[in-house]
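Remarks on the overall topology
Listed below are the residues making up each chain.
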2 protein chains.
Amino acid sequence: MTAEKLILDGNRVASDIKETLLGRINLLSEKRIVPCLATILVGDDPSSATYVRMKGNACKRLGIQSIRIDLPKNTSTSELIAAINKLNADPNVHGILLQHPVPNQIDERAAFEAISIEKDVDGVTTLGFAQNAFGFADFPSCTPAAIIAILDYYNIPIEGKHAVVIGRSPILGKPVSLMLLNKNATVTTCHSKTTNLEDVVRLGDIVVAAVGKPKFVQGDWIKPGAIVLDAGYNEGNIGDVDYDNCLKNASAITPVPAGVGPVTIAILLKHTVEAAEKLT
Amino acid sequence: MTAEKLILDGNRVASDIKETLLGRINLLSEKRIVPCLATILVGDDPSSATYVRMKGNACKRLGIQSIRIDLPKNTSTSELIAAINKLNADPNVHGILLQHPVPNQIDERAAFEAISIEKDVDGVTTLGFAQNAFGFADFPSCTPAAIIAILDYYNIPIEGKHAVVIGRSPILGKPVSLMLLNKNATVTTCHSKTTNLEDVVRLGDIVVAAVGKPKFVQGDWIKPGAIVLDAGYNEGNIGDVDYDNCLKNASAITPVPAGVGPVTIAILLKHTVEAAEKLT
């Protein structure tokens, strides 16, 4: 008997989220409000440009306005903050997304902090992070929120499960660890200094890969029956998980593409609509 | 051969911290600045009153001024926030500590948020929490910082170790988990919904008990050779750890009293001095 495998379909979860937004966008338009997301891209990193384009297209398809701000790669921190402040002050802009990563000369933390909390639709400010950590954020970071949304959509229980998160970045590993903790999982956070990583990952009933290394998580690291969520997005649309081999032990898994990625974008659109609704 | 046991002496660590403050307090006094900690106690909980008194006495012994604000137990959130704002505005007050817990009718989170970040010497604001989570807080929460200080004082390595934290409160379990993570431990956070808690605790090279239940952590939960830190402070000066039985397996352990408690107070004094120094 082969155990049934559940492929966690990010496109389906994303469609479900986006459908709930259509009526809300219509209601806003009756009040002459068009939700608007401003995306800032600094430099010419091709994959960053692709993500920004995908986000813009997703907005357009749903009737959300998108503004794209392109800044040269030698932009200074203060120039970037000036651009953010202009968007903060613009009453027609409801959400601001600064595409990560920014070039090295920029103090990314200072730039994130400049985003006003009402428009921080990706939960990148310290205030947004802490509100999420305490369980009452309006806008938790989109990728962590996407991971939770996928689990919820498929009614996968989180409470009492052991979740292992590989990665500890301020916009992914840390917030998703805290969100899973707030959902009553026991949470282990691993990283590059973790010893015996494979043994630690093997503890996971739920495994979240947020490493940024293609096919990093190996098939035999996965406990039989575990749920695997791959938040990786490496060049060539390759995840952080060795999908074919992890599929053997996992009971459910997100593919790349069409896993966490489209849900992240859907959450971003949802936050933008919610930011616009708060103004009405 | 019996393995050597190290009793982690909180009084010794606290003395070491306080000694480094004496010269700094003298330097401030040459500039006619006396560091000043304001402590707010709402209601008449006897153990809270004891902690507040201990903090006041510790200030006095070191030449730090302490102001004690006692508010009746039926104080409203807005009355408490008004009292905090008065302290925020007072240039002679450098640190503000709102004694936890506050009576039920008060929105504790709103009260904590009212403390200005420059005076948030116990790291209770969302901003202070997030700065600590990202590793650049001026004033991390005192008990978590005390736990790290004890490990550092005894040169106990953290990097690459598996730390298990039992508890997930915003001022203890969560921040200490994030601080250990920033010190390159692999961190597992457990709580009341954790299944097989004993097995999870047994993973820990470092175990932090922050539960609030007397003698909760049992001796056979401790992996042989583990380091045990007891942040509990239950009635009758009893820790969260069954000390005598945990001592058998642990290689190092904090007692209660004279473990984490005095170091927490020393860190609070240190933060108050640092808050005063920032003004000069």
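Everything numeric here is computed off the predicted structure, so don't read it as measured data.

1. As for the packing of aromatic side chains
One pass over the structure, following the stated rule, counts 10 aromatic pairs over all chains. Considering the side-chain rings of F134 of chain A and F129 of chain B, the 4.6 Å spacing of their centres and the 55° angle between planes classify their relative orientation as tilted. Taken together, the positions of F134 of chain A in the loop between α5 (126–133) and α6 (142–153) and F129 of chain B in helix α5 (residues 126–133) put the pair across two chains. Under the relative-accessibility criterion, F134 of chain A is labelled buried at 15%. When its relative accessible area of 2% is taken as the criterion, F129 of chain B is described as buried. An angle of 90° between the planes, with centres 5.5 Å apart, marks the rings of F216 of chain B and W221 of chain B as edge-to-face. Taken together, the ring pairs in this structure connect F129 of chain A together with F134 and F136 of chain B into an aromatic cluster.

2. Considerations on the layout of surface pockets
Residues and elements named next belong to chain A. As a volume, the second largest pocket reaches approximately 1,200 Å³. Surrounding the second largest pocket, 48 residues form its lining, Y51, T143, A231, Y233 and T264 being those nearest its centre. Secondary-structure elements contributing two or more residues to the lining of the second largest pocket are α1 (10–30), α2 (46–62), β4 (95–98), α4 (108–114), α6 and α10 (260–278). Top element by residues in the lining of the second largest pocket is α2. It accounts for 7 residues. Of the residues assigned to the lining of the second largest pocket, the class counts are 23 nonpolar, 16 polar and 9 charged.

3. Structural notes on the side chain of E274 of chain A
Within the element layout of this structure, E274 of chain A appears in helix α10. Contact partners of E274 of chain A, with chain neighbours within four places excluded, come to R24, D138 and F139 of chain A.

4. Examining the interface of chain B and chain A
At the interface, 31 residues of chain B touch 31 residues of chain A. Here the residues of the side of chain B that touches chain A sort into 14 nonpolar, 11 polar and 6 charged. Both strand β6 (residues 186–190) of chain A and strand β6 (residues 186–190) of chain B contribute to a ladder of 3 bridges, which runs antiparallel. Counterpart to V187 of chain A in the pairing with β6 of chain B is T189 of chain B.

5. Concerning the sheet that holds strand β2 (residues 36–42) of chain B
Residue and element names in this part refer to chain B. Read from one edge to the other, the open sheet built from 3 strands follows the order β3-β2-β4, with strand pairing classed as parallel. Strand pairing shows two members of the sheet lacking a second neighbour, β3 (65–71) and β4 (95–98), which therefore form its edges. If you compare each strand with its neighbour and ignore which way they point, the axes differ by 20° on average. Two strands pair when backbone bridges link them, and β2 and β3 are joined in this way by 7 bridges, in the parallel orientation. For I40, the partnering residue across the bridge sits in β3 and is I69. Running at roughly 175° to β2, helix α3 (residues 77–89) makes contact with β2, β3 and β4 of the sheet.

6. Examining the relation of the copies chain B and chain A
It takes a turn of 180° to lay chain B on chain A, together with a shift of 0.0 Å along the axis; the resulting RMSD is 0.0 Å. Within this description, the copies of the chain are treated as partners about a two-fold rotation axis. Taking C-alpha positions as the reference, the residue of chain B nearest the rotation axis is T188 of chain B, at 2.0 Å.

7. Brief notes about the packing of α6 of chain A against α10 of chain A
Residue and element names in this part refer to chain A. Contact pair α6 / α10: the axes reach a minimum separation of 8 Å and the direction vectors enclose 110°. The pairing of α6 with α10 is recorded here as roughly perpendicular in orientation. Packed against α6, whose contacting residues are C142, T143, A145, A146, I147, A149 and I150, the element α10 presents V260, V263, T264, I267, L268 and H271 at the interface. Of the residues assigned to the contact of α6 with α10, the class counts are 10 nonpolar, 3 polar and no charged.

8. Topic: the domain arrangement of chain A
Each assigned domain of chain A is listed with its residue range as follows: domain 1 (32–117) and domain 2 (142–261). Its C-alpha centre places domain 1 of chain A at a distance of 28 Å from the equivalent point of domain 2 of chain A.

9. Thoughts on the packing of α1 of chain A against α6 of chain A
Residues and elements named next belong to chain A. Running from amino to carboxyl end, α1 crosses α6 at an angle of 95°, the nearest separation of the two axes being 10 Å. In terms of orientation, α1 and α6 fall into the roughly perpendicular class. Between α1 and α6, the residues in contact are R12, V13, D16 and I17 and A149, I150 and Y153, respectively. Residues of the contact of α1 with α6, tallied by class, amount to 5 nonpolar, no polar and 2 charged.

10. Considering the side chain of T125 of chain A
All names here are of chain A. If you trace the backbone, T125 turns up in the loop between α4 and α5. With relative accessibility at 4%, the residue T125 sits in the buried group. A polar atom in the side chain of T125 sits 2.9 Å from the backbone nitrogen of G128. Excluding anything up to four places from it in sequence, T125 contacts R109, F112, E113, I115, I117 and D120.

Each value, and the rule that gives it
- Residues numbered from 1 in each chain as written.
- Chains lettered and ligands numbered in written order.
- Predicted model: local features only at pLDDT ≥ 70, side-chain atom pairs only at ≥ 80, totals over all residues.
- Heavy atoms only, no water.
- Phe/Tyr/Trp six-rings, centres within 6.5 Å; stacked < 30°, edge-to-face > 60°.
- Helix = DSSP H or I, 4+ residues; strand = E, 2+ residues; numbered from the N terminus.
- Buried < 20%, exposed > 50% of the residue type's maximum accessible area, 1.4 Å probe, protein only.
- 1 Å grid on protein atoms, 1.4 Å probe; cavity = no way out; pocket = protein on both sides within 12 Å on 5 of 7 lines; lining within 4 Å.
- Points joined across faces, edges and corners; volume = space filled by probe spheres on them.
- Nonpolar A, V, L, I, M, F, W, Y, C, P; charged D, E, K, R; others polar.
- Contact = heavy atoms within 4.5 Å.
- Pairing = 2+ DSSP bridges.
- Axes fitted to C-alpha atoms, helices over the stretch in contact; angles between N-to-C directions.
- Least-squares fit on C-alpha atoms with pLDDT ≥ 70 in both.
- Parallel < 35°, antiparallel > 145°, perpendicular 65-115°, else oblique.
- Domains from an automatic or database assignment.
- Polar contact = N/O pair within 3.5 Å; in protein donor to acceptor, adjacent residues only side chain to side chain.

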